Protein chains: 2
Amino acid sequence: VIRVALDVMGGDSAPAAPVQGAALALAAQPEHDFILQLVGPTDVIEAELAKTAIPRDRIELIEAPEVVGMAEKPVEAVRTKRRSSIAIGLGLQKEGKSDAFISAGNTGAVMAAATLILRLLPGFQRPAIGSPLPCADHPVLLCDAGANVDCSAEELVGFAQLGLLYVRDVWGRENPAVGLLSIGEEEEKGNAATKAAHQLLKSSGLRFVGNVEGRDILFGQVEQSGTFDVVVCDGFCGNVLLKFYESVAKLFHQLVAREAGADTARSDPFRRIWHFLDYQRFGGAPLLGVRGVCIISHGRSSPEAIASALRVGVEAARHHLVQHLTSEFGRAAEA
Amino acid sequence: VIRVALDVMGGDSAPAAPVQGAALALAAQPEHDFILQLVGPTDVIEAELAKTAIPRDRIELIEAPEVVGMAEKPVEAVRTKRRSSIAIGLGLQKEGKSDAFISAGNTGAVMAAATLILRLLPGFQRPAIGSPLPCADHPVLLCDAGANVDCSAEELVGFAQLGLLYVRDVWGRENPAVGLLSIGEEEEKGNAATKAAHQLLKSSGLRFVGNVEGRDILFGQVEQSGTFDVVVCDGFCGNVLLKFYESVAKLFHQLVAREAGADTARSDPFRRIWHFLDYQRFGGAPLLGVRGVCIISHGRSSPEAIASALRVGVEAARHHLVQHLTSEFGRAAEA
């Protein structure tokens, strides 16, 4: 049985949204093949559970009396609050009592705690964030989406390895391919790290489609070299892109409301478009490079987004992502 | 009288689009305060002129027998084709016979030729590309949009100075402000160059609103610190962003056609939206950091886009952009 731990105190609408998300996830998958571990102050969780119809035999309550606020300084919060829902939830995985951890809480604190508690795979200085992007044909994983700035070529290659394993195990992509974000298709285009990474990726044995330009990302393919599932870039560029994409969707919404009217913007076809563009439907971004499964959801996550994130955690555990990562990077470290 | 040189052989639809663009620009501004210099093989220009009704007293024909192809290697093309429309057109400015140069031709070749012929302002290793972005409220200039990768903090500050002078002189923005693209509002967020640039910008005397995140760009403002007119970043990030933005607009078009139908996507409100998002309406991107006015238009520029670019060239000349740049950077070099 898979056990997935949920940070009940994480996110702007905690504890209501996480608990409702848990109820949705359990209702959507009636098979009893996973158990949700609700982590937080037990009395708070009990009060929230009283409002829902969650089957008690499919949940465990894990006491964690401390809460890390959304605006707290990450490293300090992790150092001083050893019994926070984040620390306790991740600690379960360390002790072999859990298979995945999901939080919509303070991203920096989750990253710092995951690094400290789960520890990093060989070759990584920090975890990377994999962010699923809504794309024309199929979602693409952008990695790193914000954790590592000033990346070396070797780090970019590491992101490629992490991303490829993730989309294979969790998204079920067979034989996935990776592209390197750059400013031209030719291998001599790009900044220093990108040009060096291109050479390393070419000889890495990974399925590498070459450089991907800004305009290619959302269409998941490069003209000459085929489709890709993962786009690799440093966390500076990745973070800028991700936030920019969100804001373009917001701008479109305003433009449609202004030019075609608020009714059009609220109509069914446009609801479908806004839903399509809402990356929350993917349920969260995996923290990659740690020895465990840790999914970071948006602070504004709805119950539906939390439920999606829980499903992501279940998939990662079901397909043995951690074992695959450990074995891949163990080999790499030996070689 | 202002004289603006146009590369008649530049762009995918040359010579037709440039000559039609010239006709539009002259028709739109009936005052005789500028003269267009049409640069290219004179016989080709004459043949094209025969199809339009351009008043001959407002144009000059400048013979340039060689043509640089869109796919030619820039540096080689500039070295071997000294009598190309690009080289001759820029040479006019060098000789004091012209005030601006506009080309929809091979971007790399225009950059290389502008660097060689116009020369750079003190402190620059390469020119920077300023790219106007369609934004919610008012356009924002993104600089650098692709020419300089691996930028130093000093280069980023240079882009800020260039961009601010440009939007003041050409867009008529009074007391414009600049933001620094980063991954958080706090000054300690960002990569090494960005963090150092933040400190330099704070003490530069420029109107600096601080860090701007990806989500802020299109809304032209940062919550705490107010609105901005220019966003500064390295050319890697800028190029990725610019191409990504284009592709989001394309994706959105596909989504509207798919979900709401092709008729909706073609209806007037949506035509206005596609026009709003089409950065071609701004007519081109200034090459900044050279001792002259050089506007690069998209290779696919329509006659309307060429006409806009010509107007940009006229504005830059009318407001003495080059004199202001030379004096600002002359002072900086002395200090």
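Figured I'd write up the structure that's included with this text. From a predicted model like this one, the values you see are computed outputs, not experimental measurements.

The rules behind the values
- Residues numbered from 1 in each chain as written.
- Chains lettered and ligands numbered in written order.
- Predicted model: local features only at pLDDT ≥ 70, side-chain atom pairs only at ≥ 80, totals over all residues.
- Heavy atoms only, no water.
- Contact = heavy atoms within 4.5 Å.
- Buried area = accessible area lost by both parts, 1.4 Å probe.
- Salt bridge = Lys/Arg side-chain N within 4 Å of Asp/Glu carboxyl O.
- Polar contact = N/O pair within 3.5 Å; in protein donor to acceptor, adjacent residues only side chain to side chain.
- Helix = DSSP H or I, 4+ residues; strand = E, 2+ residues; numbered from the N terminus.
- Axes fitted to C-alpha atoms, helices over the stretch in contact; angles between N-to-C directions.
- Left-handed = near helix turned anticlockwise from the far one by under 90°.
- Nonpolar A, V, L, I, M, F, W, Y, C, P; charged D, E, K, R; others polar.
- Buried < 20%, exposed > 50% of the residue type's maximum accessible area, 1.4 Å probe, protein only.
- Least-squares fit on C-alpha atoms with pLDDT ≥ 70 in both.
- Pairing = 2+ DSSP bridges.
- Core = buried A, V, L, I, M, F, W, Y, C linked by side-chain atoms within 4.5 Å.
- Expected span 1.5 Å × (residues − 1).
- Right-handed = clockwise from strand over helix to strand, strands pointing away.
- Phe/Tyr/Trp six-rings, centres within 6.5 Å; stacked < 30°, edge-to-face > 60°.
- Disulfide = S-S within 2.5 Å.

### Section: the interface of chain B and chain A
1) Next: At the interface, 45 residues of chain B touch 45 residues of chain A.
2) Next: Overall, the association of chain B and chain A removes approximately 4200 Å² of surface from exposure, summing both partners, and the carbon and sulfur fraction of that is 77%.
3) Next: The largest per-residue losses of area from chain B upon contact with chain A belong to Ile-183, Phe-236 and Phe-244 of chain B, which jointly make up 17% of the total buried on that side.
4) Next: Note that Lys-243 of chain A is salt-bridged to Glu-213 of chain B, the shortest N-O span being 2.3 Å.
5) Next: There are eight residue pairs in polar contact (both at pLDDT 80 or more) connecting chain B and chain A.
6) Next: Those elements that place two or more of their residues in the side of chain B that touches chain A are helix 7 (192–202), helix 8 (235–260) and helix 10 (268–277) of chain B.
7) Next: Here the side of chain B that touches chain A gets 21 residues from one element, more than from any other, and that element is helix 8 of chain B.

### Re the packing of helix 8 (residues 235–260) of chain A against helix 8 of chain B
1) Next: One can describe the packing of helix 8 of chain A onto helix 8 of chain B by two numbers: an axis separation of 10 Å at closest approach and a directional angle of 35 degrees. Remark: the crossing between helix 8 of chain A and helix 8 of chain B carries right-handed chirality. For the pair helix 8 of chain A and helix 8 of chain B, contact is made by Phe-236, Cys-237, Val-240, Leu-241, Phe-244, Tyr-245, Val-248, Leu-251, Phe-252 and Val-256 of chain A and by Phe-236, Cys-237, Val-240, Leu-241, Phe-244, Tyr-245, Val-248, Ala-249, Leu-251 and Phe-252 of chain B, respectively.
2) Next: Tallied by class, the residues present in the contact of helix 8 of chain A with helix 8 of chain B amount to 20 nonpolar, no polar and no charged.

### As for the pattern of salt bridges
A side chain of one charge can pair with a side chain of the opposite charge if their charged atoms are brought near each other.
1) Next: Under the definition given, this model contains 34 salt bridges over all chains.
2) Next: Across the pair Glu-95 of chain A and Lys-97 of chain A runs a salt bridge whose closest N-O atoms are separated by 3.1 Å.
3) Next: Classification of Lys-97 of chain A as partly exposed rests on a relative accessible area of 43%.
4) Next: Within this structure, Glu-213, Arg-215 and Asp-216 of chain A together with Lys-243 of chain B form a network of salt bridges that share partners.

### Focus: the relation of the copies chain B and chain A
Put simply, the second copy of the chain is the first one after a rotation about an axis and a shift along it.
1) Next: Mapping chain B onto chain A calls for a screw motion: a turn of 180 degrees about the axis and a shift of 0.0 Å along it, with 0.0 Å RMSD after fitting. This pairing of chains is accounted for by a two-fold axis. In terms of C-alpha distance to the rotation axis, chain B has Cys-237 of chain B as its closest residue, with the C-alpha 2.9 Å off the axis.
2) Next: Comparing interface residues between copies, 98% of those in chain B also sit at the interface in chain A, which points to an isologous, same-surface contact.

### Points about the sheet that holds strand 7 (residues 178–181) of chain B
Residue and element names in this part refer to chain B.
1) Next: Strand order across the open sheet formed by 11 strands is 3-2-1-4-13-12-5-6-11-7-8, with mixed pairing between neighbours. The outermost strands of the open sheet, each flanked by one partner alone, are strand 3 (59–63) and strand 8 (208–212). The mean inter-strand angle of the sheet, taken between neighbouring strand axes irrespective of direction, is 25 degrees.
2) Next: Pairing between strand 12 (residues 285–288) and strand 13 (residues 294–296): two bridges, direction antiparallel. Paired with Ala-285 across the strands is Ile-296, a residue of strand 13.

### Remarks on the nonpolar core
1) Next: The biggest cluster of nonpolar side chains holds 241 residues, and the ones touching the most others in it are Leu-277 of chain A together with Leu-277 of chain B.
2) Next: Here Leu-277 of chain A is in contact with Pro-134, Tyr-245, Ala-249 and Phe-252 of chain A together with Leu-251, Phe-252 and Leu-255 of chain B, once residues within four sequence places are set aside.

### A word on the sheet that holds strand 11 (residues 230–232) of chain A
The pairing of strands in a sheet happens through backbone hydrogen bonds and is either parallel or antiparallel.
Residue and element names in this part refer to chain A.
1) Next: Sheet architecture is open: 11 strands sit in the order 3-2-1-4-13-12-5-6-11-7-8, paired in mixed fashion. Each of the sheet's edge strands pairs with one partner strand only, and the pair in question is strand 3 (59–63) and strand 8 (208–212). On average, each strand axis in the sheet is inclined to that of its neighbour by 25 degrees, with strand direction left out of account.
2) Next: Running over the sheet, helix 4 (residues 85–94) touches strand 1 (2–7), strand 2 (34–40), strand 3, strand 4 (100–103) and strand 13 (294–296) and is turned about 160 degrees from strand 4.

### Considerations on the side chain of Asp-216 of chain A
Residue and element names in this part refer to chain A.
1) Next: Mapped onto the elements of the fold, Asp-216 is located in the loop between strand 8 and strand 9 (221–222).
2) Next: A relative accessible area of 7% means that Asp-216 is categorised as buried.
3) Next: Aside from chain neighbours lying at most four places away, what touches Asp-216 is Gln-221, Val-222 and Phe-228.

### Concerning helix 8 of chain B
Residues and elements named next belong to chain B.
1) Next: Counted at 1.5 Å a residue, the expected span for helix 8 with its 26 residues is 38 Å, and the 37 Å between its end C-alpha atoms agrees.
2) Next: Most of helix 8 sits out of view: 19 of its 26 residues are buried.
3) Next: Its side-chain oxygen placed 2.9 Å from the backbone nitrogen of Phe-236, Asp-234 serves as the N-cap of helix 8.
4) Next: Gly-261, located one to two residues past helix 8, shows a positive phi value of around 100 degrees.

### What to know about the pairing of strand 2 (residues 34–40) of chain B
Residues and elements named next belong to chain B.
1) Next: Among the seven residues that make up strand 2, six are buried, leaving the element largely enclosed by the rest of the structure.
2) Next: By the bridge criterion, six bridges tie strand 1 (residues 2–7) to strand 2 in an arrangement that is parallel. Looking at the pairing, Ile-2 lines up with Phe-34 of strand 2.
3) Next: With helix 1 (residues 16–28) bridging strand 1 and the parallel strand 2, this β-α-β connection has right-handed handedness.
4) Next: Sheet topology note: the strand 2/strand 3 ladder contains five bridges and is parallel. By the bridge assignment for strand 3, Val-39 is matched with Ile-62.

### Brief notes about the packing of aromatic side chains
Residue and element names in this part refer to chain A.
1) Next: For the structure on display, the rule yields 13 aromatic pairs over all chains.
2) Next: Residues Phe-124 and Phe-329 carry aromatic rings whose centres are separated by 5.3 Å and whose planes lie at 65 degrees to one another, so their mutual orientation is edge-to-face. Highlighted residues: Phe-124 in the loop between helix 5 (107–117) and strand 5 (128–133) and Phe-329 in helix 12 (residues 321–334), separated in sequence by 205 residues. With respect to class, Phe-124 is no different from Phe-329; both count as buried.

### A look at the state of the cysteines
All names here are of chain B.
1) Next: Enumeration according to the criterion identifies zero disulfides over all chains in this entry.
2) Next: The thiol of Cys-135 is unpaired, and the distance to the nearest cysteine sulfur, on Cys-233, comes to 13 Å.
3) Next: Just so you know, Cys-151 is unpaired, no disulfide at all, and the nearest cysteine sulfur is the one on Cys-233, 8.2 Å from it.
4) Next: Of the residues examined, Cys-151 reaches a relative accessible area of 10% and is grouped as buried.

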